[in-house]
Structure formats: structure tokens, C-alpha cells
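Report on the structure
Listed here are the chains, written in short residue letters.
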Amino acid sequence: MSFNTIEANRRDGRFADREQLWLFGYGSLIYKAGFDYIERRPATITGWQRRFWQGSHDHRGTPDAPGRVVTLVEAPGEVCTGMAYRITPAVFGHLDHREKNGYLRFATEMTFADGSHDEGLVYIATPENEAYLGDAPAEEIARQIAESHGPSGPNRDYLLGLAAGLRELGAEDPHVFDLETRLRAIENA
Ligand code: SIN
């Protein structure tokens, strides 16, 4: 599959007939909205883990020197905390463009802090996309993040912004917090 997913997402048309819908953000969408939304609420999804396994050619790296950004990996029983935004389909153009480097729209059930549930849209980069990098030793991932830059800025800012956003949400995420510790050690060395 080509790593430009704009057309695939447009064709998919999921949620396009709704007047309003929920978007579940688990990466940069937690700490940097950059689009209009009606309201936002912390939420969780079950059965997925956040991982820095997606290559970034267009935001936090380049095609020759990709950075690393998060995607979701199936993990039965695991709970992933993020931010849910109530949006209108008018925002799809912005989102599809922003997430065009391998992310496809999926539907997921979300749980809010009060225990209520609703269906939400989530952008996930699966291993079939060409920009997918997959797992690597944590120290290697941290080093790649420390060294990568792209049109949206240094890759380190993405990791640190996400870690701060997760901390604000009171979320547990050993993968992200371990990478943050390693990044700081690399930068202080
Ligand atoms: C998301 O935040 O939900 C998707 C991944 C990203 O844009 O960082």
C-alpha cells in the first residue's frame, strides 16, 4: 500500500454521513489539536497499545531520514488513554491530510471517565503501509527520535509533547515514558 492514505480514507467515507462524530486521538492529536472541535474529553480504548513504530516522512523526519511517531498495535486487554474530540465531518480534510503518511480511518469503541461509551474514529498506521518501521530496541528508537527533524519540527518535541500530554491525563504509558527518559539521557550526555 502506498504511504499516502488520503485517497483511501476519502474513498472509505466512514462517518462522512454523520453530522457530528467522535475522534479518538492518541499521539500528536492529544497535545496539538489544530482543528475546530465542539468539545473534548479524555477517553480510553481497550485492546490497543501506543507504540513509536510508524516512520514519519512528512512531519518529524524526511523520506531519507524518517523520524518515529506513534501508531496503535493490537494488544488484548490493554487500555490506551487518549483525548476524544467531538467534531463535524468538515474536519476530515484537515485530518486526512495530517495523517496521510500511512494512517487509515478505523472505528473504535471509546470509554469516557464517567463510564459511558461511544463509537469513535481513530487513525491507525498498520504494518502494510510503506512508512511502517515496527519494533526496535528502545535505545535505538530514542536515538532515532533524538536525531530526526522534519517540516513539523524536531522529532524530540513530538515525544516530549506526547509524554507531557499523557502526564496531564494521568495516563500510564511505560513505552512512552521510557523513551522520554532515554531521550533526556542522550541529550544530557
Ligand atoms: C493520533 O494522534 O491520534 C494519531 C497519530 C499522530 O498524529 O500523532
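The sections below set out a description of the structure shown in this document. Fair warning: this is a prediction, and the values are worked out from it, not measured in the lab.

This part covers the overall build of the chain. Secondary structure assignment for the chain yields six helices and seven strands. For the chain, the N- to C-terminal ordering of α and β elements is α-β-α-β-β-α-β-β-α-β-β-α-α. Against the 2.2 N^0.38 benchmark of 16 Å for 189 residues, the chain shows a C-alpha radius of gyration of 16 Å, consistent with a compact globule. Along the three orthogonal principal directions, the C-alpha set of the chain runs to about 50 × 35 × 30 Å. A burial count over the chain gives 51% of its 189 residues as buried. A separation of at least 24 residues holds for 75% of the contacts in the chain among residues at least 6 apart in sequence. Counting only carbon and sulfur atoms, one obtains 49% of the accessible surface of the chain, whose full area is about 8900 Å². Averaging the locations of the 20 positively and 29 negatively charged side chains of the chain gives two centres separated by 3 Å.

Next up on the list: helix 4 (residues 138-147). Regarding helix 4, the residues found buried are Ile141, Ala142 and Ile145. The buried residues of helix 4 occupy an angular sector of 100° when projected down its axis, which confines them to one face. In this structure, helix 4 carries Glu140 and Glu147 as exposed residues pointing more than 90 degrees from its buried face. In this structure, the buried side of helix 4 is in contact with strand 2 (39-56), strand 3 (67-87), helix 5 (155-168) and helix 6 (174-188).

Surrounding the ligand, one finds Gly25, Tyr26, Gly27, Ser28, Leu29, Val70, Glu99, Tyr103 and Tyr158. Residue Tyr26 places a main-chain N or O atom 3.0 Å away from an oxygen atom belonging to the ligand. Relative to its unbound accessible surface of 250 Å², the ligand loses 96% to contact with the protein. Grouping the constituent residues of the shell around the ligand by class yields five nonpolar, three polar and one charged.

This part is about the side chain of Asp173. One can find Asp173 in the loop between helix 5 and helix 6. Residue classification places Asp173 among the buried residues on the basis of a relative accessible area of 6%. Here Arg50 takes part through its side chain, which lies 2.7 Å from a polar atom of the side chain of Asp173. Apart from the residues within four sequence positions on either side, Asp173 is in contact with Arg50 and Leu166.

A few words on the pairing of strand 3. Of all 21 residues in strand 3, 15 are buried; the element is thus mostly enclosed. Across five bridges, strand 1 (residues 21-25) lies against strand 3 in antiparallel orientation. Its bridge partner lying in strand 3, Phe24 is registered against Ala84. Direction of pairing for strand 2 relative to strand 3: antiparallel, over a ladder of 15 bridges. Bridged to Gln54 within strand 3 is Val69.

Glancing now at the nonpolar core. Membership of the largest hydrophobic core comes to 52 residues, with the highest contact counts inside it found for Leu23, Phe35 and Phe52. In terms of residue count, the dominant contributor to this core is strand 3 (nine residues). The residues touching Phe35, leaving out its near neighbours within four places in the chain, are Leu23, Leu29, Tyr85, Ile87, Val91, His94, Leu95 and Arg98.

Cut-offs and rules
- Residues numbered from 1 in each chain as written.
- Predicted model: local features only at pLDDT ≥ 70, side-chain atom pairs only at ≥ 80, totals over all residues.
- Heavy atoms only, no water.
- Helix = DSSP H or I, 4+ residues; strand = E, 2+ residues; numbered from the N terminus.
- Rg over C-alpha atoms; globule rule 2.2 N^0.38 Å.
- Buried < 20%, exposed > 50% of the residue type's maximum accessible area, 1.4 Å probe, protein only.
- Contact = heavy atoms within 4.5 Å.
- Areas by Shrake-Rupley, 256 points an atom, 1.4 Å probe, with all protein chains shown as cover.
- Lys, Arg positive; Asp, Glu negative; His and termini not counted.
- Charge placed at Lys NZ, Arg CZ, Asp CG, Glu CD.
- Arc of directions from axis to C-beta.
- Near = heavy atom within 4 Å.
- Polar contact = N/O pair within 3.5 Å; in protein donor to acceptor, adjacent residues only side chain to side chain.
- Nonpolar A, V, L, I, M, F, W, Y, C, P; charged D, E, K, R; others polar.
- Pairing = 2+ DSSP bridges.
- Core = buried A, V, L, I, M, F, W, Y, C linked by side-chain atoms within 4.5 Å.

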